[in-house]
Amino acid sequence: MKKIFLVMALAVLAAACMRLPQVPTLGEFSLPVAGEKAEWTSTDYEGKPVLIVFMGSWCPYCKMSMPFIDAANENFGRQVEIVAAFLDDDPADVAKVVKEHNFKTKALYNAGNIAESMEVSGLPHVVVFDKKHNAVKMWEGFSPELGQEIHDYLKKVSK
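Now for a description of the structure that goes with this document. (Residues numbered from 1 in each chain as written. Predicted model: local features only at pLDDT ≥ 70, side-chain atom pairs only at ≥ 80, totals over all residues. Heavy atoms only, no water.)

**Thoughts on the overall build of the chain**
- A tally of regular secondary structure across the chain gives five helices and seven strands.
- Looking at the 159 residues of the chain, the share that counts as buried comes to 41%.
- A fraction of 66% describes how many contacts in the chain between residues 6 or more apart in sequence connect residues 24 or more apart.
- Split by element, the accessible area of the chain, about 9,600 Å² in all, is 55% carbon and sulfur. (Helix = DSSP H or I, 4+ residues; strand = E, 2+ residues; numbered from the N terminus. Buried < 20%, exposed > 50% of the residue type's maximum accessible area, 1.4 Å probe, protein only. Contact = heavy atoms within 4.5 Å. Areas by Shrake-Rupley, 256 points an atom, 1.4 Å probe, with all protein chains shown as cover.)

Listed below in structure tokens is the structure:
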């Protein structure tokens with residue numbers, strides 16, 4: 001009986017210490033657009049799905065994902081707002097990588113605080129928000145299948 005009580009007490013303690021995952025929401029924020037004197041504001045897209053990919057200009061896997069993001073933007077950009085949110089503080093670093101890779105998707109910068117609030121722990125980090133701006137799908141890191149997975153998911157969300 002003591003063993004059962006001890007196991008149950010440990011299970012309750014472990015459950016109390018666990019942090020339940022929270023589904024992030026897009027929230028209200030603005031980020032500057034690289035190469036423009038403009039701000040991108042999340043609330044401008046209420047009622048529209050949003051895909052944000054967090055990137056860094058220094059990240060080789062982020063650069064490898066750029067064609068996938070551009071393809072998603074080309075195919076679904078009218079139905080889904082698609083942006084790349086760079087963690088870089090310097091717009092020149094973002095503009096340089098955008099130019100080098102002929103990246104056509106809207107590039108934002110200075111997104112470190114937003115990434116931190118969404119608990120981004122690796123790059124690239126892709127988050128899809130539904131029309132109510134609740135996160136519904138996330139990918140972290142690069143894989144060769146990433147482009148197809150994003151395409152297939154956006155096909156469902158954009159209807």
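**Details of the sheet that holds strand β7 (residues 135–140)**
- What the five strands build is an open sheet, ordered β5-β4-β3-β6-β7; its pairing is mixed. With partners counted over all chains shown, the strands left at the sheet margins are β5 (106–108) and β7, one partner each. Strand after strand, the sheet turns through a mean of 20° between neighbouring axes, direction not considered.
- In this structure, strand β3 (residues 50–55) lies alongside strand β4 (residues 81–86), joined through six bridges in parallel fashion. In the strand pairing of β4, Ile52 is matched with Val83.
- Against the sheet, helix α2 (residues 60–76) contacts β3 and β4, and its axis sits at roughly 165° relative to β3. (Pairing = 2+ DSSP bridges. Axes fitted to C-alpha atoms, helices over the stretch in contact; angles between N-to-C directions.)

**Details of the nonpolar core**
- Core analysis: the biggest nonpolar cluster contains 28 residues, and Leu51, Met55, Ile82, Phe86, Phe103, Ile150 and Leu154 have the highest contact counts within it.
- When residues of this core are traced back to their parent elements, those giving at least two are β3, α2, β4, α3 (91–100), β6 (125–129) and α5 (146–157).
- With residues near it in sequence (within four places) discarded, Ile82 still touches Leu51, Ile69, Ala72, Asn73, Phe76, Gly77, Thr105, Lys106 and Leu154.
- If you look at the next biggest cluster of nonpolar residues, it comprises 20 residues, including Phe54, Ile114, Phe129 and Ala135. (Core = buried A, V, L, I, M, F, W, Y, C linked by side-chain atoms within 4.5 Å.)

**A look at the packing of α2 against α5**
- The interhelical angle for the contact between α2 and α5, taken along N-to-C directions, is 20°, at an axis separation of 9 Å. As the angle between them shows, α2 and α5 are arranged roughly parallel. For the pair α2 and α5, the sense of crossing is right-handed. Taken together, the residues of α5 that come into contact with α2 (itself represented by Ser65, Phe68, Ile69, Ala72, Asn75 and Phe76) are Leu146, Gly147, Ile150, His151, Leu154 and Lys155.
- Across the contact of α2 with α5, the residue classes tally to seven nonpolar, four polar and one charged. (Parallel < 35°, antiparallel > 145°, perpendicular 65-115°, else oblique. Left-handed = near helix turned anticlockwise from the far one by under 90°. Nonpolar A, V, L, I, M, F, W, Y, C, P; charged D, E, K, R; others polar.)

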